[in-house]
Every structure is written in C-alpha cells, then in structure tokens.
Amino acid sequence: MVADSKTSHFEKLRSANLGFPRMGRQRELKFALEGYWAGKRTEQELLDTASALRKEHWKLQQAAGIHFIPSNDFSLYDQVLDALVLVGATPERFGNGPVTLERYFAMARNCREQTAMEMTKWFDTNYHYLVPEWSAGISFQIDTTKLLGEVREAHSLGIETRPVLIGPLTLLLLGKGVDGFDPMMLLPKLTAAYKRILKALVAEGIKWIQIDEPMLVTDLEASARDAYRQVYAELKSVPLNLMLTTYFDSVGDNLQTAIELDTAGLHIDVVRAPEQLRVTLGALKPEQILSVGCVEGRNIWLTDFSSVTPLLDEAVSQLGPDRVLIAPSCSLLHAPHDLRSEVKLSPRIKGWLRFAEEKLAEIVALTSHDEAAYQANAAAVADRGVAETTSNPKVRTALAALQDQDFRRRSPYPQRALVQRKELGLPLLPTTTIGSFPQTAEVRKHRAAAKHGHETVETYEAFLKETIAQCIREQERIGLDVLVHGEFERNDMVEYFAEFLDGFAFTENGWVQSYGSRCVKPPVIYGDVSRPAPMTLKWTDYARSLTSRPLKGMLTGPITILQWSFVRNDIPRRQTAWQIALALRDEVEDLEAAGIRIIQVDEPALREGLPLRCADWPAYLEWAVKAFKLATSGVGDETQIHTHMCYCEFEDILPSIAALDADVISMESARSRMELLEAFRAHKYPNEIGPGVYDIHSPRVPSADEMRELLTLALDVLKPEQVWVNPDCGLKTRGWPETVSALENMCRAASELRVQISA
Ligand code: GLN
Ligand code: ZN
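Residues numbered from 1 in each chain as written. Chains lettered and ligands numbered in written order. Predicted model: local features only at pLDDT ≥ 70, side-chain atom pairs only at ≥ 80, totals over all residues. Heavy atoms only, no water.

All right, on to the coordination of the zinc ion (ligand 2) then. Taken together, the protein donors to the zinc ion (ligand 2) comprise His644 (NE2), Cys646 (SG) and Cys729 (SG), at separations of 2.1 to 2.2 Å. One can describe the donor arrangement at the zinc ion (ligand 2) as tetrahedral, given that its 4 donor atoms subtend angles of 89 to 122° at the metal. The motif formed by the donor residues of the zinc ion (ligand 2), counted along the single chain, is H-x1-C-x82-C. With histidine 644 in strand 19 (residues 640-645) and cysteine 729 in the loop between helix 27 (704-717) and helix 28 (736-758), this pair connects stretches of sequence that are 85 residues apart. For the residue pair histidine 644 and cysteine 729, the accessibility class agrees, reading buried in each case. (Donors = N, O, S within 2.8 Å, 3.2 Å for Na, K, Ca; no water. Tetrahedral: all angles 85-135°; square planar, octahedral: opposite > 155°, others 65-115°. Helix = DSSP H or I, 4+ residues; strand = E, 2+ residues; numbered from the N terminus. Buried < 20%, exposed > 50% of the residue type's maximum accessible area, 1.4 Å probe, protein only.)

Spelled out as structure tokens, the structure:
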C-alpha cells in the first residue's frame, strides 16, 4: 500500500494532541464538583479526583503513543477562567490576592452575594467560557501554580508535556471592556505578564508550548493584526518554541500575519479547511514546523485515512518529516471520552464512530502509517459508504422534487394576518407562553420511571393526561389567550424529537462538556432523516380537546435540531437540515389537519450556527432560513406560525429573521429592557412580535406595573396589532407558585394596556 521510501519518511513523523476531555470516562469530575458545591465532598477530595483524572488521561495518551502530550488543558471549570487566574486578570469585584478555590467558583457560578462572570459560547462550539472583564485596574500579578503544578505532576509520572496556553490576543479579544474601557490599552501589561509566564516555563525546562490563537481564524481588523505582531515580537525574546495553534476554520487572510509572528510552529485545521494546507505550505518560513490538524476534534466520525494521506504526503514531501506533526483539528475537549462503554449502540454504527480515545489511536496510526490500521480504516469507511448508498430513497426523492413554492407561504403576511385575525378572534395584545410549564420533581420522576420500565405506559400516560389537564385549567384561570400543553413529556427539546425520527442514534455515554460540570449528550445523525409517525400530535391534540381557546402546538426547528446534534459529515449540513425540515413539515401538516390553528417552531440555535467568517454568513443564512420555511410553509393562510428565539445579538441578522416570515416571533428582551426593540425600530419588523416581558431565569415575580412599562416601550416602536405578550422563554425551570403569580401579573398588565389603547 505504501512505498518503502515513504515508510521510512513516516518513521520520523511525530504526533501531537491539543487537549483531552476533562470530565472522565464516567463524568467523575462532574460528580466531584457537584459533590463539593453541595458540601458533600471536601476540597481535598475534589482535588484528588482532578489529579487522578489528569494522571489517567496523560497515561492513556502516552500509552497510545502520542509524542506531544498537552498539560494545562485540564480545568476545574473553564480554561479561559484559568487563563485569567494565570495572568492575574480576574475581575476586581471578586477581590484581590491569590485565587482560592472558593473565589474561583464564585467567579464561575452565581451565588447569593455576587453574580458570576458572564458566560458565552466558545467560537461556534457548544462549550461556554467565562467572558474576561477588562478594566484599567487589573493587576497582572501572574499565578503559575496550576500551570507549573501540572507540568510537575506529569513529570513525576515520567511524562514531559507541551503546556497549553490561551494566546494573549485571543484572551484579550474574547473579553469585554468594563464601562466602555478599551481592552487594547492593556496590551503592554498583558504582554509583560505572558513574558513572565513563558520565562517561568523555560526555567521549568519546557521546550515547547501550544499557544492557542483561534481568533486568527476570524475577521480581524488591521489594529488587531498590528497587536498580534507587536505582542509576538516581544514574546520572541524568550527562548521557547511556540506552536501557534489555530482551529475551527481557515486562517485565510490572516495567514501572512500568522507567519510573520515567526513562531517555531503553526497548527492549522485541515478538517474544516483542507484548502488552506497548500497555501500554508507555500508561506511557511524555512524552519517552521507545521502541525496538521487532520483528525476531527469536535465530531465523532471516523477519519477517512485515504483522504487525509494525500494531504500528509504533500506536507511531508515539501517540508520533510521532521517539520510535520499530525494532530487533531482542535482540542478533543469537544468530543466524548471513549466508545468502549457504548454497548447498546448498533455495532455497525459504532464502527463508524471515534471518540477522544479512538481519535488518539487514529492520529497514531496516521503517524506510523500502520498498515493494519489503514486496512481496518478502509473497511470501516467503505461500510459507511455502502450504508450511504442504501440511504432512504424516499427522502432523497422528496428533496430533489422541492420547488420554490415549497419554501413560501401561500399568501404574503398582510393577507394571512387578516384571515388569522378572523379565524382566531384574539384580543389586542394577546397573551401566551413560550411552551414549557414547570418540570417539577414529580414530572421528572414519572418520566424517568417510564423510561426505565419502572412504570407502565398506562400509568405514565394517565399521569401526563392529568398534568396537561391541570395545566390547561390553570392557564384558563389565569386568563391567557393562547394556551399550550406544557411539554411535560419532553426531556429535552432536541432529544425528544430525535427519538421519533429515523436517521438518529443515541449514545449512553457520549457526553461533552457544555460549561462547568454541565455536560450534554447530543444525538447522532448518522443517516437520512425521516419521520415514520407523528411526534407531538397525540399530546397536542389531547390538550386542544380540553379547551375552547386556541391551543399552540410546539415543535423544535430544523436548525436547532441540527446544531444540538452530532451531524453526519458525508453530506452537506444543508441537506441534513432540509431533511429534518421535511420531517417537521409533515408534523406541522398533521397538527393543522387536527385543528391546531397556531404552531410554534422554536429556533433558539439559529444564530449560533453562523460561520466564524462574515463572508460565509449569507450562504448559511440562506439555507437556514429556507429550512425553517420548508418546515412551516405547507399550511394554509389561516394557520398561524410562531417562532421563538432566546436572547443573543440579533441585530446583525434581523433581515434573515424577518425572512423566516413567521407570523409571530417571540424573543427574549426583558433583561435588556427591550433594547432589542431599537433594532426593530431601525429595521421595521413587518410581522407580529412578542418581546418577552419578564426574565424567566430567576424566581422573582415581576409586578404588573413593571411589565406594563416594558410593553409601553415596545408600543413606542411597534403598532399595537403587532405586539404579543409573553415571558422571555419557557418556564420549565421555574416552580408553579411563582409561575402563576408572574403570569397573572402579565395578563393584568396586558388587559390594563388594552383598555388604555382603546380609550
Ligand atoms: N418551547 C421551549 C420551551 O418553552 C423553548 C425553549 C428554548 O427557547 N430554549 O421550553
Ligand atoms: Zn427561549
């Protein structure tokens, strides 16, 4: 399979890992953290668990044969917070001096005395980091305890590591200036802090570090590029080899900048952006090493060795084997731990999957060009390919037959609005909720018991019926205009649907860290998606039968299902999204046929699917919007389509939100006091909108006056006929007493305003 001369080349190749999942095979870290927070474990017990996990993870990377093994990739909560502790840039409001474990967690988690730091998504992943808060008073007293502690800990096990640091510019640019402060003002001090840290590593005998600068794959302003050059010119004076590490996309127009930083090595992601290999090879300086990220770090599919080998051959033939490293595309933090414990998964599908441990084996096999592994890989890839050709022809035909009109409602909104107003007979400022009602301990207990077979289907369904009936009665008593069934049967807004759909598989242990101790277990989309039977019809129709008021059916949208699953990589994402959309379209039509006049299709994840580069936005938004429209356009004019999105910056995608052409959209806006509406003032949102009037993230019951005030702000920007009245988001995390009081106040606010408007 490979010529002898090549085999000898490959003998010199080396492998690297960029980071390993921290939670542990059985999520040991999660349970240790939660035990500690609950006061059931001591600090020492928590630290011991953490240390045991690091040890296990280093050992298994060593045993796998990884050459460059990372340290400081571990974290008790978040690597960005760790980086802030390291450089001495934790927010002053949490106090000064060395960061104790107590203070560390106070910054990360809300407690009575203090609101924690803000959290947001790490680039386009589902991992959340704590957002740095930059202000003039930051001390930059470096604290290398953790960084050097891990180096020494590994060293004592006989393992020399390549420590991981978040690069200074990525750290700075990911943060926010407090009260309008310009973070760039901190650049000299921050650079000096990094210099001290690098020197401490040199003193420790470290030769190489991995310095993560994923900001280099985003659109950078000239000033940011200058800052990069300035900082790295300074860092160059420290005799340490830096592996400048980029991932999640192409370095693209920042390549020249990246090369000019003159680091000892550059890591690029050739899974997301294979085309950048050639240009990078052409641009590298004579001594620079290239780390080729060719095993996907953030999905679960096996690597196709036959498509990676030509890339590696090209790199090796240009640079020679000494200057090439083989690595995952990004840290394996975003992959589950290992496949061994997956005993329920179909063996065939399992054969196509690789979790973190199995990815290490792939990296090593590619590095050593292991013949047996190559053959096994070819067989597994071929098997997956065969399954692909036996995909669902019905779905393929339906997709191929789509016409323009399948993506469009029958009439434009103004016409639909007239029909709907007549059909629904709703008052001005109609009141409703976002879908879920409190998921009490009792609800969760019954659902779990039914799932594990401890409760019969009959008992469980009787319980659900009673709970839905109570929920309907309660909504009628409160005086809501549009009711919902309450979503009590749903464990999760994606998994619930995935379980009904063909083309999805589920793992037992495929957990990925979302933030802190929180992990998610995304379903796996492995094949063509279709809907063999209705998914929500039964409970929605039951709820409808209990009331004479309009009942809103609740669905999760195609982009949200796509975003919160592990998506197949053998067909374009767009195609999978449209397959899901077609399945939802069937559901929408079934609900309509059953007499459900209002259907809400939630798309909270629409924005997080945005590519990292603005130039790629239009293409994504076009197919994402079309997916939503495909799901919702099969209905008649009289059926009202709602959508819901949680708060994030919508301003920049407002035209696309309008293009969804939902009759009604509800959005989170209470926390920002309707700031969102400013954007709508500028853009002139054409359809109806329910700007959330109270924050559901806290048990606080807002007064009717407060909500009326917010609605008045909304009415400054929107016509009364456009405005709906609803909370910010679903109520599943709330308790019943506060929910009832808040909704009563909300309905009172709406009716007072109605009187005011018609007076
Ligand atoms: N309908 C969902 C609920 O109410 C919406 C959840 C969400 O926006 N994330 O729970
Ligand atoms: Zn929401």
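So much for the structure itself; the text now carries on.
Let's shift gears to the sheet that holds strand 18 (residues 598-602). Taken together, the 5 strands give an open sheet; going across it, the order is 17-18-19-20-21, and neighbouring strands pair in parallel fashion. In this open sheet, the two edge strands, each paired with only one partner strand, are strand 17 (552-556) and strand 21 (688-691). Averaged over all pairs of adjacent strands, the angle between strand axes in this sheet comes to 20°, irrespective of strand direction. Summarising the sheet, strand 20 (residues 664-667) and strand 21 pair through 4 bridges and their orientation is parallel. Each residue of the ladder has a partner; that of valine 664, found in strand 21, is glutamate 688. (Pairing = 2+ DSSP bridges. Axes fitted to C-alpha atoms, helices over the stretch in contact; angles between N-to-C directions.)

Here we come to the site of ligand 1. The environment of ligand 1 is made up of 13 residues, and the closest members are Ser436, Glu487, Asp602, His644 and Gly730. Here a nitrogen atom of ligand 1 and a side-chain polar atom of glutamate 487 are 3.0 Å apart. Within the contact set of ligand 1, a nitrogen atom lies 2.6 Å away from a side-chain nitrogen or oxygen of aspartate 602. Burial of ligand 1 by the surrounding chains reaches 93%, relative to a free accessible area of 300 Å². By residue class, the composition of the shell around ligand 1 is 6 nonpolar, 4 polar and 3 charged. (Near = heavy atom within 4 Å. Polar contact = N/O pair within 3.5 Å; in protein donor to acceptor, adjacent residues only side chain to side chain. Areas by Shrake-Rupley, 256 points an atom, 1.4 Å probe, with all protein chains shown as cover. Nonpolar A, V, L, I, M, F, W, Y, C, P; charged D, E, K, R; others polar.)

For arginine 27, which is not glycine, the phi dihedral falls at a positive 55°. By secondary structure assignment, the location of arginine 27 is in the loop between strand 1 (14-15) and helix 2 (28-37). Of note in this structure, aspartate 179 is not a glycine but carries a positive phi near 50°. Along the chain, aspartate 179 falls in the loop between strand 7 (176-177) and helix 8 (187-203).

Moving on, we get to the environment of valine 625. As for its position among the elements, valine 625 is in helix 24 (residues 617-632). Overall, the relative accessible area of 8% leaves valine 625 in the buried class. Separated by 129 residues in the primary sequence, valine 625 and tyrosine 496 place their C-alpha atoms 23 Å from one another. Apart from residues lying up to four places away in sequence, valine 625 is in contact with Ser656, Ala659 and Leu660. (Contact = heavy atoms within 4.5 Å.)

The next subject is the packing of helix 8 against helix 9 (residues 222-235). Two elements in contact, helix 8 and helix 9, have axes separated by 9 Å at closest approach and are oriented at 35°. Crossing of helix 8 over helix 9 shows right-handed handedness. Along the contact surface, helix 8 presents Leu187, Thr191, Tyr194, Lys195 and Leu198, while helix 9 presents Ala227, Gln230, Val231, Glu234 and Leu235. In terms of residue class, the contact of helix 8 with helix 9 is built from 6 nonpolar, 2 polar and 2 charged. (Left-handed = near helix turned anticlockwise from the far one by under 90°.)

Before going further, it helps to examine the packing of aromatic side chains. On inspection of all chains with the given rule, the structure shows 19 aromatic pairs. Centroid distance tyrosine 77 to phenylalanine 105: 6.4 Å. Interplanar angle 65°. Geometry classified as edge-to-face. Here the residue tyrosine 77 occupies a position in the loop between strand 2 (69-71) and helix 4 (79-87), and phenylalanine 105 occupies one in helix 5 (residues 101-108), the gap between them amounting to 28 residues. Overall, the relative accessible area of 6% leaves phenylalanine 105 in the buried class. Among the aromatic side chains, those forming a connected cluster through ring pairs are Tyr36, Trp37, Tyr77, Tyr104 and Phe105. A cation over a ring is seen here: arginine 27 above tryptophan 511, with NZ or CZ 3.7 Å from the ring centre. Positioned over the ring face of tryptophan 301 is arginine 384, at 4.1 Å from the centre of the ring. (Phe/Tyr/Trp six-rings, centres within 6.5 Å; stacked < 30°, edge-to-face > 60°. Lys NZ or Arg CZ within 6 Å of the ring centre and 35° of its normal.)

Checked against the element boundaries, asparagine 254 lands in the loop between strand 9 (241-245) and helix 10 (255-260). By relative accessible area, which is 0% here, asparagine 254 ends up buried. When neighbours within four sequence positions are excluded, asparagine 254 is seen to be in contact with Met215, Leu216, Val217, Thr218, Leu220, Arg225 and Arg613.

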